[in-house]
Amino acid sequence: MVELRLYAIAIDDVRDMFGAGSDLAGRLRTIASERFRVPEQERRRTAGGLLGKVGPLFRHDQNAPIIPDGVPLPGDVENLLKGRFVTPERINESWLVVQTWLDELCWERHLLHVCRNEFDQLEFDLARAGLSSRYGIGNLMSLDANLTLRPAWQMTIGYSKHAHVETTRDAIRELDDPVATTNPLLIELRSFLNRSDEWAAQAAAHSRPAPDIFGIRRDNL
């Protein structure tokens, strides 16, 4: 399987999350705490009534919250906000935090979740229809994002500048091959890219830079 997440957001806004200033850091902490809050009723339970039988060595706080595997912790959030090194065992959880921030801060996002052969077929159909490889889907995230957080296993990250997004949009608009233009995946992607002018207008209204495309790709999910 291939999961491709495309976010309409300026790359500088993405980079600013790592080592964030006080105002942005406060906003990002709030987003993370609301998304990854541990339910109050989830408490550790003793297994088979063993607590009290095996002695104080194995005793633990019954009121401590259960933290399921794979759930980000406050420490993960703070490491990201301060631009610290993230250890390998916390990379996946850290990327969950980053994706949550991107969901909130981007102008729009597009999620593509398909079998690998469907993704490859789409790229093939676009090339056969005459689309230059320069404007292939992969090139929407061909530039190095230069983040302090490295990709997780079988993850690729990257971005494309706003100008490239516009030229890719225009190149796809000009296709007239019936196979490529009726591909449901391309129809959804084209609809997403067609709103790039709207994103730029919204960003300008908020005195923000025109959004680039930042992408996160995971393979073999």
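The present account deals with the structure reproduced in this document.

The rules behind each value
Residues numbered from 1 in each chain as written. Predicted model: local features only at pLDDT ≥ 70, side-chain atom pairs only at ≥ 80, totals over all residues. Heavy atoms only, no water. Helix = DSSP H or I, 4+ residues; strand = E, 2+ residues; numbered from the N terminus. Buried < 20%, exposed > 50% of the residue type's maximum accessible area, 1.4 Å probe, protein only. Contact = heavy atoms within 4.5 Å. Areas by Shrake-Rupley, 256 points an atom, 1.4 Å probe, with all protein chains shown as cover. Pairing = 2+ DSSP bridges. Axes fitted to C-alpha atoms, helices over the stretch in contact; angles between N-to-C directions. Expected span 1.5 Å × (residues − 1). Arc of directions from axis to C-beta.

Helix and strand counts for the protein chain come out as nine helices and four strands. When the elements of the protein chain are put in sequence order from the N terminus, they spell out β-α-α-α-α-β-α-β-α-α-α-α-β. Buried residues in the protein chain amount to 42% of all 221 residues. In the protein chain, of all internal contacts separated by at least 6 residues, the share reaching a separation of at least 24 is 74%. Accessible area of the protein chain: about 12,100 Å², with a carbon and sulfur share of 50%.

On to the sheet that holds strand β2 (residues 108-114), then. With respect to topology, four strands assemble into an open sheet ordered β2-β1-β4-β3, the strand pairing being antiparallel. Only two strands of the sheet have a single neighbouring strand rather than two, namely β2 and β3 (155-160). Adjacent strand axes in the sheet meet at a mean angle of 15° when their direction is disregarded. Sheet topology note: the strand β1 (residues 2-8)/β2 ladder contains seven bridges and is antiparallel. Residue pairing for β2: L6 is matched across the bridge by H110. Against the sheet, helix α4 (residues 91-105) makes contact with β1, β2, β3 and β4 (213-219), and its axis sits at roughly 145° relative to β4, the strand it touches most.

Our focus in this paragraph is helix α5 (residues 116-128). The end-to-end C-alpha distance of α5 is 18 Å, a good match for the 18 Å that 13 residues give at a rise of 1.5 Å each. Along α5, the positions that sit buried rather than exposed are F119, L122, D125 and L126. All buried residues of α5 fall inside an arc of 125° around its axis, so they share one side. Along its buried surface, α5 packs onto β1, β2, α7 (178-181), α8 (184-193) and β4. Immediately beyond the C-terminal end of α5, within one or two residues, lies G130, with a positive phi of roughly 105°.

Structurally, H162 can be placed in helix α6 (residues 162-173). C-alpha separation for the pair H162 and P209, spaced 47 residues apart in sequence, amounts to 9.5 Å. Excluding residues within four positions of it along the chain, H162 makes contact with S196, A200, A210, P211 and D212.

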